[in-house]
Protein chains: 2
Amino acid sequence: MSATQTNKIEIIKAATSKIKDVDFDNLHFGEVFTDHLFECDFTNGEWQKPVIKPYAPFLLDPSAKVFHYGQAIFEGMKAYKDDNDAIWLFRPDENYHRFNNSATRMAMPEVPEEIFMEGLKQLLQLDEAWIQKGKGNTMYIRPFMIATGTGVIANPSDDYKFMILLSPAKAYYSGEVKVLIAEHFSRAANGGIGAAKAAGNYAAQFYPTNLANKAGFQQVIWTDDATHTKLEEAGTMNVFFRINDTLYTAPTSERILDGVTRKSLIDLAKRENINVEVRPVLVSELVEGAKNGSLKEIFGAGTAAVVNPIIGFSYQDVYYELPKSESSIALELKDKLTNIQHKLAEDTFGWTVKV
Amino acid sequence: MSATQTNKIEIIKAATSKIKDVDFDNLHFGEVFTDHLFECDFTNGEWQKPVIKPYAPFLLDPSAKVFHYGQAIFEGMKAYKDDNDAIWLFRPDENYHRFNNSATRMAMPEVPEEIFMEGLKQLLQLDEAWIQKGKGNTMYIRPFMIATGTGVIANPSDDYKFMILLSPAKAYYSGEVKVLIAEHFSRAANGGIGAAKAAGNYAAQFYPTNLANKAGFQQVIWTDDATHTKLEEAGTMNVFFRINDTLYTAPTSERILDGVTRKSLIDLAKRENINVEVRPVLVSELVEGAKNGSLKEIFGAGTAAVVNPIIGFSYQDVYYELPKSESSIALELKDKLTNIQHKLAEDTFGWTVKV
Ligand SMILES: Cc1ncc(COP(=O)(O)O)c(C=O)c1O
Ligand SMILES: Cc1ncc(COP(=O)(O)O)c(C=O)c1O
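Residues numbered from 1 in each chain as written. Chains lettered and ligands numbered in written order. Predicted model: local features only at pLDDT ≥ 70, side-chain atom pairs only at ≥ 80, totals over all residues. Heavy atoms only, no water.

As named in an unreviewed UniProt entry, chain A is Branched-chain-amino-acid aminotransferase, taken from Flavobacterium soyangense. Under the heading Cofactor (unreviewed entry), UniProt records this for chain A: "pyridoxal 5'-phosphate". Listed under Sequence similarities (unreviewed entry) in UniProt, the entry text for chain A is "Belongs to the class-IV pyridoxal-phosphate-dependent aminotransferase family." (UniProt positions renumbered as here; feature names shortened; annotations may be inferred.)

Pasting the structure below:
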């Protein structure tokens, strides 16, 4: 721990731990939180003294800007415990920088690296009993920032709250995933906030996703809002398409989140001599590939599920099911990536960082 | 008051009133709130007992979905006190219906009319001393709904809180307004949530608006995100353009909020035999009109400012100043509309509703 002022995190310990009440074998993603959270307020133009304290509800004014104008951003990352009880983070610098990019786009203050990283590390250390060992067990980490300043006039807040929550998670298995290709609704505008992890981007997807669910599809793959011809990403995942033996994925843009899993899979695939092409992928190519059999796999890539194989897609009311095959690049890459994350394979990229 | 169950609003009065501390001549928009607020929670699939209680901060869980996924909507409306101390609302049914349209788009439950309207009326009655008489004095009303359910997984909340806040307001005068025509940033996507009063739409505009402010422009006029050739609306106002003696305004769409002021001004202009055309207005027409002198006025229309004259605009780094003229359709319509709202002119449309 360095000696600067902001590093002096005040720690208020919970009187008792809730850990005994937790059934770690039956966790629902994102529902259980550890005993403590990290908090740092921004007011009078600067970040105040950070604190780690018991997880608990907090007071907000009814006119807080987060409620009225949606100034809110977040990150999603994971920590892993290896067989020697060491705790590891996966490319935390990527999440840190993306968080501050999101902050800038939403006219919020950047969080200093020391507050973000020291807060995260000390919180993980304090609640380390909650991090379970073994592949598939992870600690999901949710840094977020909200506008706490008051007033029902649409301008940026003067006050903000940055927090980190920890939620133990099992391997995220969501069953067989069929997706709907978006033909009318969209996730992001050109010149909009699609590339930011801004809260409002997610609620915007709930209604069209509900419609897709009702039609029997678990997720929507969004397309560009102007022409609906280019495949972009899913709700909380970037997407990859395997045509013959090449993986395709859209370039990130103003409309598409620059996913850490996506970029890691690209590097991993290259290392494994799998051909990867980053270029716009057209809906028509997908349909064509499904018809002529060259489309072998589709999968989502994101922190929560790591890799999420997709078994079929619907477009213009036609459902296309992918061929079942023994060899899956998706599962091969998932295995390699989770092995690195859990320190079960050599990390040739230097992605893992010890807490 | 009707006799149904939901109508029985519990009323908890504030021990003392803050009204003596308020300088009604120097109000900043949206900063001062009355003694009470209205609140109704949605849980277990239904709306619970509504309550009017002292304005105060409230507790929320750090994992509340409003913080992480931006499920939050609002409305903006006004109440007026006439010379006989009667309180009037302006087209409240329009706000009520738009609120529920926003709710549907954001996968939130609709608020029953009785809860919305009775809550609003009883709150206004309880805090009626806060509503000042005289043209220019209004009570700004902020109904809003947030997702209070917990969990850091991106899906709709099970629990919601609906609230109404009251904020006394003076005539909204924002000085001379120069606007920037958006060439890169955008407010809304095709198939997105631009037509909803969703919180996230507003934070998305703060950063580009900050950039405009720094360049000397108070507001941005948004253009369509795909081509940036069509004029859409401003941050919290629809926009009208007067070319010669005709008013033009864009049709509302998925990308543009269906403003109550806009539609009222259209009706009012028609009654006054002013020519109004609702059709897409191109940036090129605006530039052309500014160059050949046919562009006479630009103004914003919204509840807060009613009508906001714009004195000039910048596009592609060229600033076009509008001619100064004695006759302003903007100010003429503003006067007629505010007279109706304040019960100083006959309401031939049946827009005003007594509380
Ligand atoms: C919209 C969106 N796309 C993609 C991703 C995947 O990003 P990452 O791999 O960094 O988790 C996320 C993430 O969580 C997301 O919210
Ligand atoms: C985006 C946007 N456009 C236009 C308006 C104007 O709508 P209204 O006249 O109903 O206030 C608002 C309103 O408040 C708004 O938020």
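Peer 1: What is the right way to read the pairing of strand β4 (residues 51-54) of chain A from this model?
Peer 2: On a regular strand, each side chain points to the face opposite its neighbour's, so the side chains alternate between the two faces of the sheet. All names here are of chain A. Relative to β4, strand β1 (residues 10-11) is paired through 2 bridges, and the arrangement is parallel. Within the sheet, the bridge partner assigned to Ile-11 lies in β4 and is Ile-52. Where strand β2 (residues 36-43) meets β4, 4 bridges bridge the pair, whose relative direction is antiparallel. Note that in β4 the partner of Glu-39 across the bridge is Val-51. (Pairing = 2+ DSSP bridges. Helix = DSSP H or I, 4+ residues; strand = E, 2+ residues; numbered from the N terminus.)

Peer 1: What should I look at first to understand the pairing of strand β15 (residues 246-249) of chain A in this one?
Peer 2: Residues and elements named next belong to chain A. On β15, burial covers both faces: Thr-246 and Tyr-248 on one face and Leu-247 and Thr-249 on the other are all buried. The sheet contact formed by strand β14 (residues 238-243) and β15 spans 3 bridges and is antiparallel. Looking at the pairing, Arg-242 lines up with Leu-247 of β15. The antiparallel hairpin formed by β14 and β15 contains 2 residues in its connecting segment, where Asn-244 sits at a positive phi of about 50°. Both β15 and strand β16 (residues 275-278) contribute to a ladder of 4 bridges, which runs parallel. Bridge assignment links Tyr-248 to a residue of β16, and that residue is Glu-277. Running through helix α5 (residues 260-271), the crossover from β15 to the neighbouring parallel element β16 is right-handed. (Buried < 20%, exposed > 50% of the residue type's maximum accessible area, 1.4 Å probe, protein only. Right-handed = clockwise from strand over helix to strand, strands pointing away.)

Peer 1: I would appreciate a short explanation of the packing of aromatic side chains in the present structure.
Peer 2: We describe a pair of aromatic rings using the distance from one ring centre to the other and the angle between the two ring planes. Across all of its chains, the model carries 47 aromatic pairs over all chains by this definition. Ring geometry for Phe-74 of chain A and Tyr-69 of chain B: centres 5.6 Å apart, planes at 80°, overall edge-to-face. Of this pair, Phe-74 of chain A sits in strand β6 (residues 72-74) while Tyr-69 of chain B sits in helix α1 (residues 65-69), on two different chains. Here Phe-74 of chain A and Tyr-69 of chain B have matching classes, each one buried. (Phe/Tyr/Trp six-rings, centres within 6.5 Å; stacked < 30°, edge-to-face > 60°.)

Peer 1: Sorry, what's going on with the interface of chain B and chain A here?
Peer 2: The accessible area lost on association of the parts is a frequent measure of interface size. With 60 residues of chain B in contact, the opposing surface of chain A contributes 60 residues. A combined buried area of about 4,900 Å² lies between chain B and chain A, and 67% of that area is made up of carbon and sulfur atoms. At the surface where chain B touches chain A, the tally comes to 0 salt bridges. Linking chain B with chain A are 24 residue pairs in polar contact (both at pLDDT 80 or more). For the side of chain B that touches chain A, the secondary-structure elements that each account for two or more residues are β5 (58-60), α1, β6 (72-74), α2 (92-105), β9 (138-147), β10 (160-169) and α4 (199-214) of chain B. Here the element with the most residues in the side of chain B that touches chain A is α4 of chain B; it accounts for 9 residues. For the side of chain B that touches chain A, the per-class residue count stands at 39 nonpolar, 16 polar and 5 charged. Of the pairings in the sheet, the one linking strand β5 (residues 58-60) of chain A to β5 of chain B comprises 3 bridges and is antiparallel in character. If you follow Leu-60 of chain A over to β5 of chain B, its bridge partner there is Phe-58 of chain B. (Contact = heavy atoms within 4.5 Å. Buried area = accessible area lost by both parts, 1.4 Å probe. Salt bridge = Lys/Arg side-chain N within 4 Å of Asp/Glu carboxyl O. Polar contact = N/O pair within 3.5 Å; in protein donor to acceptor, adjacent residues only side chain to side chain. Nonpolar A, V, L, I, M, F, W, Y, C, P; charged D, E, K, R; others polar.)

Peer 1: Quick question: what am I supposed to make of the side chain of Thr-246 of chain A here?
Peer 2: All names here are of chain A. Turning to its location among the elements, Thr-246 is positioned in strand β15. Within the structure, Thr-246 has its side chain in polar contact with the side chain of Asn-275 (distance 3.3 Å). With residues up to four places along the chain from it excluded, the contact list for Thr-246 reads Phe-241, Asn-275 and Glu-277.

Peer 1: Whenever I open this one, the pattern of salt bridges confuses me. Can you help?
Peer 2: Pairing between side chains of opposite charge can happen when their charged atoms approach one another. All names here are of chain A. This structure, assessed with the given rule, holds 38 salt bridges over all chains. One salt bridge connects Glu-272 with Arg-271, and the closest N-O pair in it is separated by 3.0 Å. For Arg-271, a relative accessible area of 33% gives the class partly exposed. Counted as one network, the salt bridges with shared partners bring together Glu-39, Asp-41, Lys-53 and Lys-161.

Peer 1: It is not clear to me how the relation of the copies chain B and chain A should be interpreted in this structure. Could you clarify?
Peer 2: For the pair of chain copies, the relating transformation is a rotation about an axis with a translation along it. When chain B is fitted to chain A, the residual RMSD is 0.0 Å, and the transformation amounts to a turn of 180° plus an axial shift of 0.0 Å. On this basis, the relationship between the two copies can be described by a two-fold rotation axis. Both copies contact each other with a shared surface, as 100% of the interface residues of chain B are interface residues in chain A too. (Least-squares fit on C-alpha atoms with pLDDT ≥ 70 in both.)

Peer 1: When you look at the site of ligand 1 in this model, what are you seeing that I'm missing?
Peer 2: All names here are of chain A. Taken together, 16 residues are adjacent to ligand 1, and Lys-197, Tyr-202, Glu-233, Thr-261 and Thr-303 come closest. Take Lys-197: an N or O atom from its side chain is 2.7 Å from an oxygen atom of ligand 1. Between ligand 1 and the protein, one listed contact pairs an oxygen atom with a side-chain N or O atom of Thr-303 at 2.6 Å. If you list the elements that add at least two residues to the shell around ligand 1, you get α5 and β18 (295-302). Residues belonging to the shell around ligand 1 are distributed by class as follows: 5 nonpolar, 7 polar and 4 charged. (Near = heavy atom within 4 Å.)

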